Amino acid sequence: GPMARCPEDVAMMLQTMLPGGKSKLDASLINNQNNEDLGKLFKTLKLGWLGDFGGSYLCEDGIVTHCKYSLDKFQFIGGACVESISHAPFSSEKLWDAWMAIRSRRILESILECIGGSEGDIPERLKARNVKPEAVWECENGLGVTSQQLQKAVKVVEAWACCVDELFQ
């Protein structure tokens, strides 16, 4: 699939997500088809699942149901704790706009650090250097982000992060 080629890849990916980088997952257990061994592994897991973020993100028919069914197997086989978000604290558009504002502003600031000068002349200087149009577009958008808009965007992202963090409390 898009995240791993085999069970060992899944184990390595999940190991990077564990707090403190502690290696608790044994790829041989994941690769082993013995439900008893899998049960021992899953009993220690707590899985957080964003799903469709409480209906905020559209998915093809059957995808969310299929994923829930697959996650239920973790609970059935070994009693893994699976938590999911039942409702989103805000719309997907609001989160998207917040990420866009933060990203565009950060790209502008990074480019400004690299080439110097004033903010207002960055897009023209980039165009003169034949920088790809997408980077110019990001800088132009970043110029339009006020400090008040940036603060609001950060609050939205912090609220999103708190929502996600609650899955692991």
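The residue count restarts for each chain, going from 1 along the sequence in the order it is written. With the structure being a predicted model, the display of local features is reserved for residues of pLDDT at least 70 and the display and counting of side-chain atom pairs for 80 or more, all residues being used for whole-chain, interface and lining totals. Excluded from the side-chain calculation are hydrogens and water; included are all heavy atoms of the structure.

### Side note on the overall build of the protein chain
Stage number 1. Summing up its helical and strand segments, the protein chain has eight helices and two strands in all.
Stage number 2. In DSSP terms, a helix is any run of H or I states spanning at least four residues, a strand is any run of E spanning at least two, and both are numbered starting from the N terminus. The order of helices and strands in the protein chain, counted from the N terminus, is α-α-α-β-α-β-α-α-α-α.
Stage number 3. In this scheme, a residue with accessible area under 20% of its type's maximum is buried, one over 50% is exposed, and one in between is partly exposed, where area comes from a 1.4 Å probe on protein chains only. The proportion of buried residues among the 169 residues of the protein chain is 28%.
Stage number 4. Considering only residue pairs separated by 6 or more positions, the protein chain has 61% of its internal contacts joining residues 24 or more positions apart.
Stage number 5. In the form shown here, the protein chain has an accessible surface area of approximately 11500 Å², with 56% of it arising from carbon and sulfur atoms. Contacts are assigned to residue pairs with any non-hydrogen atoms lying within 4.5 Å of each other. Using the Shrake-Rupley algorithm and a 1.4 Å probe, accessible areas are obtained, with residue cover drawn only from the displayed protein chains.

### Here's the deal with the pairing of strand S1 (residues 46-49)
Stage number 1. Residue alternation in S1 divides its side chains into a buried set, Leu 47 and Trp 49, and an unburied set, Lys 46 and Gly 48.
Stage number 2. The pairing of S1 with strand S2 (residues 81-84) spans four bridges and is parallel. What sits directly across from Leu 47, in S2, is Val 82. Paired strands, in this sense, are two strands between which DSSP finds at least two bridges.

### Side note on helix H5 (residues 92-115)
Stage number 1. The span one expects for a helix is its residue count, reduced by one, times 1.5 Å. Helix length check: H5, at 24 residues, gives a terminal C-alpha distance of 34 Å against a target of 34 Å (1.5 Å per residue), a fit within 8%.
Stage number 2. All of the buried residues along H5 are Ser 92, Leu 95, Ala 98, Met 100, Ala 101, Ser 104, Arg 105, Leu 108, Ile 111 and Leu 112.
Stage number 3. For H5, the secondary structure elements touched by its buried residues are helix H6 (122-128), helix H7 (133-143) and helix H8 (147-165).
Stage number 4. In the segment just after H5, Gly 116 is the residue with positive phi, at about 70°.

### Overview of the environment of Cys 81
Stage number 1. By the element assignment, Cys 81 lies in strand S2.
Stage number 2. The class for Cys 81 is partly exposed, based on a relative accessible area of 31%.
Stage number 3. The residues contacting Cys 81, other than those within four sequence positions of it, are Leu 45, Lys 46 and Leu 47.

### Some details on unusual backbone geometry
Stage number 1. Backbone geometry at Asn 130 places phi at a positive 60°, although glycine is not the residue there.
Stage number 2. Structurally, the position occupied by Asn 130 is in the loop between H6 and H7.

### Here we look at the side chain of Ser 92
Stage number 1. Assignment of secondary structure puts Ser 92 in helix H5.
Stage number 2. We classify Ser 92 as buried; its relative accessible area is 13%.
Stage number 3. When residues no more than four places from it in sequence are discounted, the contact partners of Ser 92 are Ser 56 and Tyr 57.

### A few points about the state of the cysteines
Stage number 1. Put simply, a disulfide is two cysteine sulfurs that come within 2.5 Å. Applying the stated criterion across every chain, the model contains zero disulfides.
Stage number 2. Left without a disulfide partner, Cys 59 is nearest to the cysteine sulfur of Cys 67, which lies 7.5 Å away.

### Looking at the confidence of the model for the protein chain
Stage number 1. pLDDT is a residue-level measure of predictor confidence that goes from 0 to 100. Across the protein chain, the average pLDDT comes to 80, with 76% of residues at 70 or higher.
Stage number 2. No element of the protein chain has a lower mean pLDDT than helix H2 (residues 27-31), which averages 51, and none a higher one than H7, which averages 94.

### Overview of the packing of H5 against H7
Stage number 1. H7 packs onto H5 with a crossing angle of 105° between their chain directions and a minimal axis gap of 7 Å. With respect to their mutual orientation, H5 and H7 come out roughly perpendicular. Contact residues: H5 offers Met 100, Arg 103, Ser 104, Arg 105, Ile 107, Leu 108 and Ile 111, while H7 offers Trp 137, Glu 138, Cys 139, Asn 141, Gly 142 and Leu 143.
Stage number 2. When the residues that make up the contact of H5 with H7 are grouped by side-chain class, the tally is seven nonpolar, three polar and three charged. Whenever a helix is involved, its axis is fitted only over the stretch in contact; in every case the axis is a line through C-alpha atoms, and angles between N-to-C directions fall within 0 to 180 degrees. Here the angle decides the label: under 35 degrees means roughly parallel, over 145 means roughly antiparallel, 65 to 115 means roughly perpendicular, and every other value means oblique. Residues are sorted three ways: Asp, Glu, Lys and Arg are charged, Ala, Val, Leu, Ile, Met, Phe, Trp, Tyr, Cys and Pro are nonpolar, and all the rest, Gly among them, are polar.

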